[in-house]
Each structure stands twice: as structure tokens, then as C-alpha cells.
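The lines below spell out each chain.
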Amino acid sequence: MMNEMIQTKYGALRGVKKDGYSLFAGVPYAKAPVGELRWKAPEKPESWEGEREAVKFPHIAWQNPHTPPAPGMPGINYYQEFYSNPEDIPERDEDCLYLNIWVPDETVEKPEGGFPVAFWIHGGAFMGGYGSEKEFDGETYAKNGVILVTVNYRLGAFGFLYLPELAQEDKNGSSGNYGIL
């Protein structure tokens, strides 16, 4: 595994070069929505000096942990396929506004005009999910000439709590849409 460097307008990122692609994981797209920024519109991230490590998946938004299905319960539950290994599930934290980016390497033919970009927003009814779940792995996308970007966003009350008091504090009189902002 080798390092891959790219320059962004916020600073240099050091990702991981793999066979046929590079991965830049945990790229901030906003300031951490904690403290004074909780229940506020996101703000642009701070620039950084030197290089920022982007080699492991970031925190995920607070959510209930995935659990195995109860015996005899009907329906579909993907616990065994996607959530049974605790090492595959990042830590939960309010500091969760990050992207993961898979980029084709020089062995993939670049089309005129550049590579297409796919942007994946995970499901989960605004209560669960995250952009680094196993089923969203961008390796195949990148090896086939597509840049894949996945996103983590605020969930549950941290993303969608509506209170009139919060709306009064907002310059647009809005509240309850922080997850989509």
C-alpha cells in the first residue's frame, strides 16, 4: 500500500494508492457540527497546514447500532452481510461531516473531458447508515473509470430536530433540516 497525494483548496491530502485506484477517506466538507455549531447550518471546513491523512474511514453520525435479527422475525436484515464485524463499523460521533473519494489511477484510460463522478448519499431513513458501508465500496467504480464520492451527514435529532427556538436563532428562520443542508 502506497501513499497518494493531492492538493485541495483547503490543503494537501494523503490518501492510499491501491491496485487500480486511490482512496481518500475522511475528507472534511464542513466544520465539525459540535458545540456552538450543533443545530446550525454547516460551515466551510478550516484549511490545514502540511498534509492531512485521508487513509481511514471517518466517524459516522450518531445512530443506533445495527443488531442481528430477532429469532423468528420476518423481513430482511443485512446484519450478517454488512454489520457483523465490529472492525468494519467506524466510531459514532457528532463530528461526522466527511466525504470518501475513490479515484481511478493512471492505468485507467481517462475519457476526453475527464472521469465522470458518481455521488452516493446513503439511505437509512435519516436515522442510520454511512458512506463507508461495505456495499458502497468504490473500488469497482474507480477501476471502471468513475470517481465515486460517498458522504456522511447528520442523522436523527442532530440532523432533523425542529424547535421553534432554533428557528428564531437562524437567519432564515429555519430549523430541522441540518442533515440535508
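Keep in mind that what you see is a predicted model, and the values were worked out from it rather than measured. (Residues numbered from 1 in each chain as written. Predicted model: local features only at pLDDT ≥ 70, side-chain atom pairs only at ≥ 80, totals over all residues. Heavy atoms only, no water.)

Asks: How do you make sense of the overall build of the protein chain when you look at a structure like this?
Replies: Scanning the protein chain for helices and strands turns up four helices and seven strands. For the protein chain, the N- to C-terminal ordering of α and β elements is β-β-β-β-α-β-β-α-β-α-α. When each of the 181 residues of the protein chain is scored for burial, the buried share is 39%. For the protein chain, contacts bridging at least 24 residues in sequence account for 71% of all contacts bridging at least 6. Just so you have it, the protein chain exposes about 11000 Å², and 54% of that area is on carbon and sulfur atoms. The positive charge centre, built from 16 side chains, and the negative charge centre, built from 26, are 4 Å apart in the protein chain. (Helix = DSSP H or I, 4+ residues; strand = E, 2+ residues; numbered from the N terminus. Buried < 20%, exposed > 50% of the residue type's maximum accessible area, 1.4 Å probe, protein only. Contact = heavy atoms within 4.5 Å. Areas by Shrake-Rupley, 256 points an atom, 1.4 Å probe, with all protein chains shown as cover. Lys, Arg positive; Asp, Glu negative; His and termini not counted. Charge placed at Lys NZ, Arg CZ, Asp CG, Glu CD.)

Asks: Just checking my understanding: could you explain the pattern of salt bridges for this structure?
Replies: Oppositely charged side chains may form a pair once their charged atoms are brought near each other. Within this structure, the stated rule accounts for nine salt bridges. A salt bridge links Glu139 to Lys143; its shortest N-O distance comes to 2.8 Å. Of this pair, Glu139 and Lys143 both sit in helix α2 (residues 139-143), separated by four residues, roughly a single helical turn. By relative accessible area, Glu139 is classed as partly exposed at 28%. (Salt bridge = Lys/Arg side-chain N within 4 Å of Asp/Glu carboxyl O.)

Asks: It is not clear to me how unusual backbone geometry should be interpreted in this structure. Could you clarify?
Replies: The phi torsion of most residues other than glycine is negative, and most of the peptide bonds are trans. Of note, Trp39 is a non-glycine position whose phi angle comes to about 60 degrees, a positive value. Since its relative accessible area comes to 25%, Trp39 is described here as partly exposed. Even without glycine at this site, Phe126 takes up a positive phi of about 60 degrees. On the secondary structure map, Phe126 appears in the loop between β6 (117-121) and α2.

Asks: Can you help me understand the environment of Ser22 in this one?
Replies: Tracing the backbone shows Ser22 in strand β3 (residues 21-28). A relative accessible area of 4% means that Ser22 is categorised as buried. Considered as a pair, Ser22 and Lys40 are 18 residues apart in the sequence and their alpha carbons are 33 Å apart. Ignoring anything within four residues of it in the chain, the contact list for Ser22 reads Glu4, Val16, Lys17, Ile101, Trp102 and Val103.

Asks: How should the side chain of Asn100 be read in this particular structure?
Replies: Take Asn100: it is sitting in strand β5 (residues 98-104). Owing to a relative accessible area of 0%, Asn100 belongs among the buried residues under this scheme. A polar contact is formed between the side chain of Asn100 and the backbone nitrogen of Gly26, at a distance of 3.1 Å. Leaving out residues up to four positions away in the same chain, Asn100 has contacts with Phe24, Ala25, Gly26, Phe57, Pro58, Gly131, Ser132, Leu148, Val149 and Thr150. (Polar contact = N/O pair within 3.5 Å; in protein donor to acceptor, adjacent residues only side chain to side chain.)

Asks: Could you clarify how one ought to interpret the environment of Leu148 in this entry?
Replies: Structurally, Leu148 is set in strand β7 (residues 147-151). Separated by 28 residues in sequence, Leu148 and Trp120 place their C-alpha atoms 7.3 Å apart. Among residues more than four places away in sequence, those in contact with Leu148 are Asn100, Ile101, Trp102, Ala118, Trp120, Phe136, Asp137, Gly138 and Tyr141.

Asks: Can you help me understand the pairing of β5 in this one?
Replies: The two faces of the sheet receive side chains in turn, since in a regular strand these alternate between them. Along β5, six of the seven residues are buried, which leaves the element largely enclosed by surrounding structure. As judged from the four bridges shared by β5 and β7, these two strands associate in the antiparallel manner. In the sheet register, Leu99 faces β7, and the bridge partner there is Val151. (Pairing = 2+ DSSP bridges.)

Asks: Where do I start with the packing of aromatic side chains in this structure?
Replies: Aromatic ring pairs are defined here through the distance separating the ring centres and the angle between the ring planes. Per the counting criterion, the structure on display carries six aromatic pairs. Ring centres of Trp39 and Phe158 lie 6.1 Å apart, and the angle between their planes is 15 degrees; on these two criteria the pair is classed as stacked. Remark: Phe158 occurs in helix α3 (residues 156-160) and Trp39 occurs in the loop between β3 and β4 (51-53); sequence separation between them is 119 residues. Of the residues examined, Phe158 reaches a relative accessible area of 27% and is grouped as partly exposed. The interplanar angle of 40 degrees and the centroid separation of 4.7 Å between the aromatic rings of Phe126 and Phe160 together place this pair among those described as tilted. With Phe126 in the loop between β6 and α2 and Phe160 in helix α3, this residue pair connects regions lying 34 residues apart in the sequence. Accessibility expressed as a relative area gives 23% for Phe160, which makes it partly exposed. Counting every residue linked through ring pairs, the aromatic cluster contains Phe126, Tyr153 and Phe160. (Phe/Tyr/Trp six-rings, centres within 6.5 Å; stacked < 30°, edge-to-face > 60°.)

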